[in-house]
Amino acid sequence: ILKTGARIRAVGAGLAGLAIGFLLLISFPSWNHNILAKGWYHRLTSLEGYFNQTSWFEALWKGSSKLARHVAGTDVVFYGDGIGGFTTVEKSTSITGQVGYTMLNSGKADASSHGDRLTQALSAHIPLIFHPNTQKVMVVGLASGMTAGEVLHYPVKQLDVLEINEQVVQAAEFFNPWNNDCLKDPRTHIIVQDGRNHLELTRESYDVIISEPSNPWMAGLANLFTMDYFETVKKRLTQDGIFVQWFYSYQMDWPTFSMVGRTFAKVFPDGLLIKTLTSDYLLVGFKGKRNLDLKTAEKNMIYARKSTNITIDDPRILFNLIISDDLKDFFGSGPFHTDNFPRLEYAAPKNLNRNDLSLNDKIKSKQRLSKETAAVVASNHRDIDLSLDWLELMTADKSPPFDAVDLDAATPQEMDRYQGIVKEYCSGEVVEDYDIFPNADVRSKCAGLQAARIREVMDAGGESTNERSGAYYYLARACREMGDIDGQIASLQKTIELLPTFYRAYLELGIAFETQDKPEKAFECFSKALEINPNCAEAYNDIGTLKAMQGNVTEAIENYIRALAINPDFVEAHNNIASALLYQGKTEAAIAHYKKALENSPANVKTHLAYGRLLAQQGRLTDAMSHFDEALKADPDNADAHAYAGLVLGQQGKMTEAIGHFEKALKINPNHYLAHKDLAITLLRQGKMEAGAEQLEKACKIKPDDSELHKMLGSIRANQGRIEEAADHFKKALQLEPDSAENNDNLGVALARTGRLEEAIGYFRKALEIDSSFKNANIHLKMAQAQMGR
């Protein structure tokens, strides 16, 4: 029996517990589905500002309301709990006014009406376009239903869709405008069942099977990527059957990616690796021999063209998506993922918060195509209409290849079509990266269209604070591309006013202030970004660049080191620190950073160019050329790469090849100063004096303050007997370098040849004042004095 004091304490504790419980019920009457839907466990980086500026006590009592600010602008229109976790559908409006839906399972985005539509649609079209007679199809994983809907454009007799979670079936109805209303089509059979179990037990055979599970780090999904699963799928395919397996490269490393590909290739050795979106891939397997018959594809195009999600005008453009048609060679040797050794189940979660996207560069650098496939791809790129077909398809991606279309020989009709595609994309989609466009003019035009659309949407009103801050942020990017730095700064400042913890806005504002030569303000912005997010490697990198521009190389290196301590795979920081170390004469240390950058990003053009230039300076011309070749593989239209390749080839005595590269550089960028200059030198070596002089004149117009150009032109014109022109160029060289003994002497010689001996003697004497040991000036002085009889 408790004593009185103990009873009082027990009752007090009980009352206190009830009071706390009652207080919590009042404070947290329900779950905020909008917050819960986001899956913050793999989106922690988006909350860096929140975590760094929130106390534990504030997080307890105000955390929900503060987190709600990060999800403002999206509405949860569906929420349901099921066997596979909880399913939500979010509705949002982009800064360009585009209304879209996203489906999430247990906080993981698995489908969307816009962002993933290329992958969702192509998963259906690629196998059905090339299959000669598709009757029965299975789709593993309903999600938005977009893949199933694309299948139904074809004359299939039966479509079985396997979905383990009944809540997903209900949620898919929100995507009816994009999924061809697939759930109501009588050919569709929704089977709410574990996909693998159904495949093991069914007696059905299918012409096409499409497997689109969620990521294998989600519980229970790694077994849909095992060799045993692939073998089961193969058994369920008809003789000409085709299998498509979705996979991804984000939050991934090469050993894991290649293990899945290697496992697939073991079962489907004659398969393909296809890239759809930036980080989405399709593994395509064939039950029999691989057959990409274009005659069959052309017959099926009547069905493919019914799609309202993507535009496929010609089956040949699908070959542009192929990364490899030799999977065994591409993925190499190594372990497999099997039921008995479920390596992916452990490897995938380890990569969950991996933010390095250089895996795509590595995959691209390994691209190997058969002669037949490569021939189709090459033909596609040569044909402008096919290139435009390809571009139109890829506008469903966030980064369409606008710069991959060669418009030099385009007809007015083809140019109009290209401009129409640009206009539609820039007016409707959110432009993430203006570098996808071929030149400054197109970038500026696109930015103008984007800015006009953003302002139109903002003027209509109705946005949340988050939406409006995002609109100002993208408006700032558009202003930057249009050269409106003041507009960019004003928009970024408005972004920060609306969302003070948006550290990336501070980073871009700092870079804008750098452009205006306001280093103090730039430093303040970078420092503020670090205050919000102390683990921001980009901020340290930007401070390092700022210090380097100010001549503080030691401080620059210190900041680059801090950036790399946070992110050892930060390629830009490796490039920058290498440049700073070269300035200090630490060549070997610089090379180590270039190698590290290429290890992380094998196709990084900037690294290849910088490292190649260094090797060329060291006289290692063959090694330098290999890096320029790699740069051109990654970016065939890079003017710098062509110019540097031309320079090295010229030094190797390969004049014709060198001239070819210089001409390509100038075709891409007619104002490429180095290409003009080095082409001139190459032509002069061949004895083509006037052609060389013409290129030097063009270089002079681009960079009139280069005294070396004027000296070269002066010498050429003097040799041609055009003495007055020579004197003009030597005079300009002297104005740029007044303390050059050579410049004074050159001008003196030219003046002497025009009979202006008194002036010439003055310049010869000036040359000797600068350098008394300058023999040529001494000889020329004596000759001029002799002519005057002195």
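One structure accompanies this document, and this report is about it. Only a predicted model underlies this, so the values are computations on that prediction, with no experimental measurement involved.

### Section: the packing of helix α31 (residues 673-685) against helix α33 (residues 707-719)
- Relative orientation of the contacting elements α31 and α33 amounts to 30°, with a least axis distance of 12 Å. Taken together, the axes of α31 and α33 are roughly parallel relative to one another. Pair α31 / α33 crosses with left-handed handedness. Contacts between α31 and α33 involve Y673, K677, I681 and L684 on the former and, on the latter, E708, L709, M712 and I716.
- Of the residues in the contact of α31 with α33, the class split is six nonpolar, no polar and two charged.

### Details of the state of the cysteines
- Across all of its chains, the model carries one disulfide by this definition.
- The disulfide partner of C426 is C446, and the gap between their sulfur atoms is 2.0 Å. Handedness of the C426-C446 disulfide follows from its S-S torsion of about -105°: it is left-handed. Here C426 is found in helix α17 (residues 412-428), whereas its partner C446 is found in helix α18 (residues 440-460), with 20 residues between them in sequence.
- Judged by relative accessible area, which is 0%, C446 ranks as buried.

### Focus on the nonpolar core
- Counting residues in each nonpolar core, the largest one holds 101 residues, and the members touching the most others are F257, L273 and L393.
- The greatest single-element share of this core, amounting to eight residues, is contributed by helix α5 (residues 117-130).
- Apart from residues lying up to four places away in sequence, L393 is in contact with L118, L122, I310, T311, I312, I317 and L318.
- Counting 100 residues, the second-largest nonpolar core is a separate cluster that includes A476, A643, L649 and A675.

### Points about the sheet that holds strand β2 (residues 85-93)
- Across the sheet, which stays open at both edges, the four strands sit in the order β1-β2-β3-β4 with antiparallel pairing between neighbours. Every other strand in the sheet has two partners, leaving β1 (74-82) and β4 (108-112) as the edge strands with one partner each. Pairwise comparison of adjacent strand axes, ignoring direction, gives a mean angle of 25° for this sheet.
- In the sheet, strand β3 (residues 99-105) pairs with β4 via four bridges, with the strands oriented antiparallel. From the neighbouring strand, N105 faces β4, where its bridge partner is K108.

### Considering the side chain of N743
- Counting through the fold element by element, N743 comes out in helix α35 (residues 741-753).
- The class for N743 is buried, based on a relative accessible area of 1%.
- Here the side chain of N743 touches E737 through a polar contact of 3.4 Å, landing on its backbone oxygen.
- The residues touching N743, leaving out its near neighbours within four places in the chain, are K711, A733, L734 and E737.

### Quick notes on the side chain of S491
- Take S491: it is sitting in helix α20 (residues 485-498).
- Beyond its immediate sequence surroundings of up to four residues, S491 is in contact with Y472, L475, A476 and C479.

### Overview of the packing of helix α34 (residues 723-736) against α35
- Taken N-terminus to C-terminus, the directions of α34 and α35 make an angle of 155°; their axes are 9 Å apart at the nearest point. In this view, α34 runs roughly antiparallel relative to α35, as classed from their interaxial angle. Where α34 crosses over α35, the two elements pack in a sense that is left-handed. Residue-level contacts link I723, A727, F730, K731, A733 and L734 of α34 to N743, N744, N746, L747, A750 and R753 of α35.
- Grouping the amino acids of the contact of α34 with α35 by side-chain chemistry returns seven nonpolar, three polar and two charged.

### A short note on helix α32 (residues 689-702)
- Taking 1.5 Å of rise per residue, 14 residues should cover 20 Å, and α32 covers 20 Å from first to last C-alpha, within 8% of that figure.
- Buried within α32 we find G692, A693, Q695, L696, A699 and C700. On an axial view of α32, the arc spanned by its buried residues comes to 160°, and they lie on one face.
- Next to the buried residues of α32 lie α30 (655-668), α31 and α33.

Scoring rules and cut-offs
- Residues numbered from 1 in each chain as written.
- Predicted model: local features only at pLDDT ≥ 70, side-chain atom pairs only at ≥ 80, totals over all residues.
- Heavy atoms only, no water.
- Axes fitted to C-alpha atoms, helices over the stretch in contact; angles between N-to-C directions.
- Helix = DSSP H or I, 4+ residues; strand = E, 2+ residues; numbered from the N terminus.
- Parallel < 35°, antiparallel > 145°, perpendicular 65-115°, else oblique.
- Left-handed = near helix turned anticlockwise from the far one by under 90°.
- Contact = heavy atoms within 4.5 Å.
- Nonpolar A, V, L, I, M, F, W, Y, C, P; charged D, E, K, R; others polar.
- Disulfide = S-S within 2.5 Å.
- Buried < 20%, exposed > 50% of the residue type's maximum accessible area, 1.4 Å probe, protein only.
- Core = buried A, V, L, I, M, F, W, Y, C linked by side-chain atoms within 4.5 Å.
- Pairing = 2+ DSSP bridges.
- Polar contact = N/O pair within 3.5 Å; in protein donor to acceptor, adjacent residues only side chain to side chain.
- Expected span 1.5 Å × (residues − 1).
- Arc of directions from axis to C-beta.

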